[in-house]
Structures are given as structure tokens and as C-alpha cells.
Amino acid sequence: MGAVEPTEMALAARSASRSLQAISSAERAAALHRVADALVANEAEILKENLADIAESEKNAVDPALLNRLKLKDGKIAQLAQGVRSLADMEEPIGRCLRHTQVAEGLVLKQVTSPLGVLLIIFESRPDALPQIASLAIRSGNGLLLKGGKEATRSNIILHRVITEALKPTVDPSLIGLVTTREGIDDLLKLHHVIDLVIPRGSNQLVNYIQSNTKIPVMGHADGVCHVYVDDKCDMEKAVKIAVDSKVDYPAACNAMETLLVHESLQADGRLTTILSALKEAGVELFGGARAAAALGLPPCASPKIEYGTLACTVELVAGLDAAIDHVHAHGSSHTECIVTEDDQAAQQWLQRVDSACIFHNASTRFADGFRFGLGAEVGISTGRIHARGPVGVDGLLTTRWLMQGNGHIVEKDAKLTYVHKSLPLV
């Protein structure tokens, strides 16, 4: 039997999505619990295939940042299974009533949540993204097409097989399609008649290319230039811990700190040395912005807006809160920004004025994650301002429908109808 073409795969996923919406909430939750159990039961085989991908990538001298994202680290499968179970146990998202209105006597209108349709996820490396995205599609009732990078081929195939086999018998496995044919990204981006949303997970080059070459709406982010601003009224122990964790915990992640902004007084009184020493001890290579390079003798950064994706970051000195916010807006990517301060007024100003998807006070930028937010999983992080922003969980994959029930009502130029538009209890 030959490979299924992407167009046929998308149509089958839409059909399976409609069937999925017709089964009970309990049956959808049970399918997710089967997926979680299957991931744990097949952990050894999954890790074996992942190691084979890693070995092949090392042989092909794959970029270190991409290689880091490829690895399924210890405990990752258990964490993924936990996220899937969390999704299974959440309140039913499909058909949730958002508005209930009596339009006129005997005429009632509801606005309810509904799946978007068919999603196309194009991702580089990141095999851990596959079970997250698949489980979110199941919970939200969406059909799904997945196109992974060739560096993660074995990992993606085994994960897809484990998940789709676990869906049976209540959910059609064609709900989730893995594109393994030779079609390139360009061919998939032409399928605007059968795909409703594309979400890229990968480099800024990949994301920018997709945004420029498809009629399908795109949700995601191109850059993850995240900032930590250390205020003059900071707690130094917190500042050191947050700066190091934000950079070192997972340097290749899009929510890792790329620029450390520091109030100029910390350089004047010597406190900055403590933070920079801790970063260096953690193996972080430091580059300086325009002021810091001159004042601290650091090699200059290539650009004030740079995403290293490795154990490296830019350090820059600023005159205060206003200058830090201006820097974030001028050189950031609207992803995640943190202030470290004990000044409540400064913290509130930061939280209110910084225009990014995630804005934190005294917490590592690494918390910008669907699992850590309690969303169960994320399909990605959106830095756009339309539909969804920040870590995108189930709610970000839903739209709404309007359901009207009447008793032979007709408009008849509104001549005989009295509109009351009375709000009713949500049901």
C-alpha cells in the first residue's frame, strides 16, 4: 500500500475530527489516557529510535542547537505522559457555552466553543513536540498533519505509531497524519483549501519563510529574544538564581534569556560582578551591548537583537526602568520578559507596560511554557496579537459557533418580531 498523499491525509483528518466531536467527553478523555499509558509502555523503543536519530545527526554535523532540541532527555517521556493525562482530566473544552441569549420570544441563541478544523504543524527536530501537539489536537477535536525534520525521522515515526495505535477503537487514527512522503514544505503550504492553520516550530528562518509563502493563517513566533532586567532594588540572591536559570536551564529553548539588562548602579557598586561571575561559572559566554562592552570590557554583541540558542547572552547597562522597557520594545521579540526587583511599584510598571506575550516578576523566563502554566501541553508559543498569545494550549486551538433554536421564526423584515436580547444562564 502506497503512502497517503497530504491532501488525502488532510481530508481524512477533517473527517476524523468531525467523528471525534460526536463521541462523548468521557470517551475522548479515555483515548488520551490510553495515549499516556502507551508512551510510558513504549519508552524504551522510543528512546532507542531517538538515539539512532542523534547518532545520525552527529555523523552529519547537525547544528548543536538543533541537536540539543533533538534529544529526549531523562524523564521526558514521563513528563509528556503527565501532560497528556492533565489534558484528559481537564474540563471538556468542546461545546462550552460562552454566551446564551434569548433573542426573541421562543428564539434562543448560544455561542459555543468549536475546533478550528485541520492544523498543519511543521517542526524542526523537537520530537517531544509531537506527543504534545497530538494530545492537544485530540482534546480540542482538531485534525492534524505533522511534518517533522529529517533529523528526527525515526523518533517521529515511532511516536506517531504509538499514539495513533492507542487511539483505537473509539477514535479514528487518521485524525493525526504524519507526512513522510517527499513533499517539501512548499507543497504543504499550498493546501489552503484543506488546512485551516499552520503552526511552525523551529528556527526564525523557517518561521519567516512559512509566513511569507502561504495563504494559510500562521500562528507562532520567529524569534525568542527574551530579557531579564535586574533592577537597582533587586534581591541579589534572586537575581543570580533567575539570571542563571533563565539562560542555563535549556539554552536552546525559545524562552531562554538572551539579553541581561542591568541597572547601571549595579556596575557602579560592584554587584554586577556577582551576577556575571555566576553566569561565567555556569559556562555562559558573555557579550556586551553598546554600553556594557565599553564599561565591562566584553566583546561586542553582533546585534542588540540576537537569539543565541546556546550558552551565550548579551549584557547591557541601562539607566533605569524606562530605559529597560524601551530596550525590550526596540530589540525584543514580544516573547517573555522578566524584572528582578523588590520594588512593588517598579514591578507593577513592568507588568503593565511591557508589551510581550509573557511578562514576569521575580521568576525565570523558563516558566513561559504550556506545561508549566498548567495547560497540560502547548502547540507552540505565539507572539502575535490575534486569536492566541503566549503558550498555546487547548483554548488557542478553538474557535466558536453560533447555535440558534426557534419555532418557525422568520425575519419578515422585522415587522412582527420583538427583539429582547436577554442574557440567559450559561449551560
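Going by the structure above, here's the rest.
In what follows, the accompanying structure is described.

Reading the values: the criteria
- Residues numbered from 1 in each chain as written.
- Predicted model: local features only at pLDDT ≥ 70, side-chain atom pairs only at ≥ 80, totals over all residues.
- Heavy atoms only, no water.
- Helix = DSSP H or I, 4+ residues; strand = E, 2+ residues; numbered from the N terminus.
- Buried < 20%, exposed > 50% of the residue type's maximum accessible area, 1.4 Å probe, protein only.
- Axes fitted to C-alpha atoms, helices over the stretch in contact; angles between N-to-C directions.
- Parallel < 35°, antiparallel > 145°, perpendicular 65-115°, else oblique.
- Contact = heavy atoms within 4.5 Å.
- Pairing = 2+ DSSP bridges.
- Patch = residues over 30% accessible without salt bridge, like charges linked within 9 Å, V, L, I, M, F, W, Y side chains within 5 Å.
- Areas by Shrake-Rupley, 256 points an atom, 1.4 Å probe, with all protein chains shown as cover.
- Salt bridge = Lys/Arg side-chain N within 4 Å of Asp/Glu carboxyl O.
- Left-handed = near helix turned anticlockwise from the far one by under 90°.
- Nonpolar A, V, L, I, M, F, W, Y, C, P; charged D, E, K, R; others polar.
- Expected span 1.5 Å × (residues − 1).
- Core = buried A, V, L, I, M, F, W, Y, C linked by side-chain atoms within 4.5 Å.
- Polar contact = N/O pair within 3.5 Å; in protein donor to acceptor, adjacent residues only side chain to side chain.
- Arc of directions from axis to C-beta.

Overview of unusual backbone geometry
Cis geometry marks the peptide bond from K168 to P169; its omega dihedral reads 5 degrees. Even without glycine at this site, N362 takes up a positive phi of about 55 degrees. Secondary-structure assignment places N362 in the loop between β12 (358-361) and β13 (380-382). Among the residues examined, N362 registers a relative accessible area of 23% and is labelled partly exposed.

A closer look at the packing of helix α2 (residues 25-41) against helix α5 (residues 76-88)
As a packed pair, α2 and α5 sit with axes 8 Å apart at the nearest point and diverge in direction by 175 degrees. By the criterion of interaxial angle, the relationship of α2 to α5 is roughly antiparallel. Mapping the contact onto sequence places A29, L32, H33, V35, A36, D37, L39 and V40 in α2 and I77, A81, V84, R85, L87 and A88 in α5.

Observations concerning the sheet that holds β12
Pairing between sheet strands relies on hydrogen bonds along the backbone, with the strands arranged either parallel or antiparallel. Pairing is parallel across the open sheet formed by 6 strands, whose spatial order is β9-β10-β8-β7-β11-β12. Each edge of the open sheet is held by one strand with a lone partner, namely β9 (285-288) and β12. Sheet twist, expressed as the average angle between the axes of neighbouring strands with direction ignored, equals 20 degrees. One ladder, built from 5 bridges, connects strand β8 (residues 257-263) with strand β10 (residues 312-318); its direction is parallel. Within β10, the residue paired with L260 across the bridge is V315. Strands in contact with helix α10 (residues 236-248) are β7 (226-230), β8, β10 and β11 (336-340); relative to β8, the strand with the most contacts, it is inclined by about 160 degrees.

Here we look at a nonpolar patch on the surface
On the surface, a cluster of nonpolar side chains totalling about 260 Å² of accessible area is made up of F367, F373 and L375. Locating F373 in the fold gives a position in the loop between β12 and β13. Taking the relative accessible area as the measure of exposure, F373 reaches 40% and is therefore partly exposed.

Here we look at the packing of helix α14 (residues 321-331) against helix α15 (residues 344-353)
It is at 11 Å that the axes of α14 and α15 come closest, and there the two elements cross at 20 degrees. Taken together, the axes of α14 and α15 lie roughly parallel to each other. Pair α14 / α15 crosses with right-handed handedness. Along the contact surface, α14 presents L321, D322, A324, I325, V328 and H329, while α15 presents A346, Q349, W350 and R353. Across the contact of α14 with α15, the residue classes break down as 6 nonpolar, 2 polar and 2 charged.

Some thoughts on the sheet that holds strand β15 (residues 398-405)
As summarised here, the arrangement of the 4 strands in space is β15-β2-β1-β16, forming an open sheet in which the pairing is antiparallel. Strand pairing shows two members of the sheet lacking a second neighbour, β15 and β16 (419-423), which therefore form its edges. In this sheet, neighbouring strand axes are inclined to one another by 25 degrees on average, regardless of whether the strands run parallel or antiparallel. Bridge analysis of strand β1 (residues 97-104) against strand β2 (residues 107-115) gives 6 bridges, and the strand direction is antiparallel.

Digging into α2
The end-to-end C-alpha distance of α2 is 25 Å, a good match for the 24 Å that 17 residues give at a rise of 1.5 Å each. Listed as buried for α2 are R28, A29, A31, L32, V35, A36, A38 and L39. Looking at the packing, one finds that the buried side of α2 touches α1 (6-22), α3 (43-59), α5, α6 (129-140) and α7 (153-167).

Topic: the nonpolar core
Ranked by size, the top nonpolar core spans 50 residues in total, and within it L39, I121, L144, L146 and I176 carry the most contacts. Excluding its chain neighbours within four sequence positions, the residues that come into contact with I176 are A134, I138, L144, L146, H160, I163, T164 and L167. Within the second largest apolar cluster, 29 residues are counted, among which are L272, V284, L298 and C338.

A short note on the pattern of salt bridges
Here the idea is simple: oppositely charged side chains can pair when their charged atoms come close. Scanning the entire structure with this criterion turns up 20 salt bridges. With its nearest N and O atoms 3.8 Å apart, the salt bridge here joins K416 to E412. Shared partners join several salt bridges into a network, and the residues in it are R28, E92 and R139.

Concerning the side chain of E258
Position of E258 relative to the elements: it lies in strand β8. For E258, the side chain forms a polar contact with the main-chain nitrogen of G309, separated by 3.3 Å. Apart from residues lying up to four places away in sequence, E258 is in contact with G224, V225, C226, K247, P251, I306, E307, Y308, G309, A312, C313 and T314.

Focus: α15
Buried within α15 are the following residues: A346, A347 and W350. Down the axis of α15, the buried set is contained in an arc of 100 degrees. They therefore lie on one face. In α15, the exposed residues that point more than 90 degrees away from the buried face are D344, Q345 and Q352. Contacts from the buried residues of α15 go to β7, α14, β11 and β12. Regarding α15, its N-cap is D343, as a side-chain oxygen of that residue lies 3.0 Å from the backbone nitrogen of Q345 further along.

A closer look at the side chain of T341
As for its placement among the helices and strands, T341 is situated in the loop between β11 and α15. Within the structure, T341 has its side chain in polar contact with the side chain of D231 (distance 2.8 Å). Once residues lying within four places of it in the same chain are set aside, the contact partners of T341 are D231, K233, C234, A346, A347, H361 and N362.

Quick notes on the environment of G320
Take G320: it is sitting in the loop between β10 and α14. A residue is classified by how much of its surface remains accessible, and G320, at 12% relative accessible area, is buried. Residues G320 and R85 lie 235 residues apart in sequence; the distance between their C-alpha atoms is 44 Å. Beyond its immediate stretch of four places on either side in the chain, G320 contacts Y229 and H263.

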